[in-house]
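A look at the structure
Letter by letter, the chains look like this.
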Amino acid sequence: MTIVTAHGATATAPRAFVLREAFEDKRLIKVAGAHDGMSARLAEEAGFNAVWASGLEISAAHGLPDVSLLGMSEYLAGATAMHHAVSVPVVADCDTGFGGNLNAAFTMMRYEAAGIAGVCIEDKIFPKRNSFLEAGQELLDADEFGRKLEAAKSAQTRSETVLIARTEAFICGLGLDEALRRCHSYVDAGADAVLVHSKRADSSEIVSFMKEWDHRAPVVVVPTTYSAFSADEAKAAGISMVIYANQGMRSMVKAVRDTWATVLADGSTVAVEPHIATVKDIFALSGIDQWLGEDR
């Protein structure tokens, strides 16, 4: 029996081609962060081109901070659930590759076998801390990280899978020249794209990077702190992918808090019912018609 998702996708679609074609055609890829099948499906329903299996969101969904407490198994399980829930590509936040060079190679093997379209590995020392924490931000030597990328690339068996190298040079205050140097060396090591991360309140670091980058590989950005940076501005700057990495979970947290506060204050759910999804909506999102259609 072949079970399809609510949107008609099977689990084996070669979705990495979608990313590569968009890169080649210079179409901006808009990506939404998620942590499970339902949040991924909502991102697809909204119209995003791909889903980001967010390390922060997956950690938080386990009630844990984003400081390398979970292992590859938990992150892979989350990304796999998202892949099966949607028909768009899933790009996985794989932190540092969960260890050394061999771990990065194993990460590529397992995620690729699960059908994940893109694997993103960052140049921090393991164990890593979330980029928005003030302390504990330390980078791996660029040459050593290059060898980690080479190990991951050598383990890749499908040419379409996208390996994204993420630099935290700006996060660590190392400046433009170091960010550029690292990204060039990472492309030399086999990265298909680079993710340049910044926690400035404006897009100045990203814009300065794009002005100096020779576009030898696609650039990915995550405008969490510089939220005024629009998709149109990103495309004009030559950026290939924008990831809205955690806004979905943040909106969910606020909505649930408000809902439960109202229920406890009122002593019933009457006031919240017009403002929340129906049970039928949940059934539809979970693909009930397709599943019952198979139960004959």
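Now for a quick tour of the structure. These figures come from a predicted structure and were not determined experimentally. (Residues numbered from 1 in each chain as written. Predicted model: local features only at pLDDT ≥ 70, side-chain atom pairs only at ≥ 80, totals over all residues. Heavy atoms only, no water.)

Going from Phe 126 to Pro 127, the amide bond is cis rather than trans, its omega being -5 degrees. In this fold, Pro 127 is placed in the loop between strand S4 (118-122) and helix H6 (142-155). At Ser 68, a residue that is not glycine, the phi angle is positive and equals roughly 65 degrees. By the secondary structure assignment, Ser 68 is in the loop between helix H3 (55-61) and helix H4 (72-85). Phi at Phe 98 is positive, roughly 65 degrees, even though this residue is not glycine. (Helix = DSSP H or I, 4+ residues; strand = E, 2+ residues; numbered from the N terminus.)

Okay, the pattern of salt bridges next. Inspection of the entire model under this criterion finds 16 salt bridges. Asp 192 serves as the salt-bridge partner of Arg 20, at 3.2 Å between the closest nitrogen and oxygen. Of this pair, Arg 20 sits in helix H1 (residues 16-25) while Asp 192 sits in the loop between helix H7 (175-188) and strand S6 (193-196); the two residues are 172 residues apart in sequence, bridging distant segments of the chain. Across the pair Glu 122 and Lys 128 runs a salt bridge whose closest N-O atoms are separated by 3.6 Å. The class of Glu 122 is buried, set by a relative accessible area of 0%. A single salt-bridge network, built from bridges that share partners, covers Asp 66, Asp 95, Glu 122, Lys 124, Lys 128, Arg 166 and Glu 168. (Salt bridge = Lys/Arg side-chain N within 4 Å of Asp/Glu carboxyl O. Buried < 20%, exposed > 50% of the residue type's maximum accessible area, 1.4 Å probe, protein only.)

Below, the discussion takes up the sheet that holds S4. On the basis of which strands lie adjacent, the closed barrel formed by eight strands has the order S1-S2-S3-S4-S5-S6-S7-S8 and parallel pairing. On average, each strand axis in the sheet is inclined to that of its neighbour by 25 degrees, with strand direction left out of account. Of the strand pairs in this sheet, S4 and strand S5 (residues 162-167) are connected by five bridges, and their pairing is parallel. Its bridge partner being in S5, Val 119 is matched across the sheet by Leu 163. Along the sheet, H1 contacts strand S1 (29-34), strand S2 (50-53), strand S3 (90-93), S4, S5, S6 and strand S8 (241-244); its crossing angle with S5, the most-contacted strand, is approximately 65 degrees. (Pairing = 2+ DSSP bridges. Axes fitted to C-alpha atoms, helices over the stretch in contact; angles between N-to-C directions. Contact = heavy atoms within 4.5 Å.)

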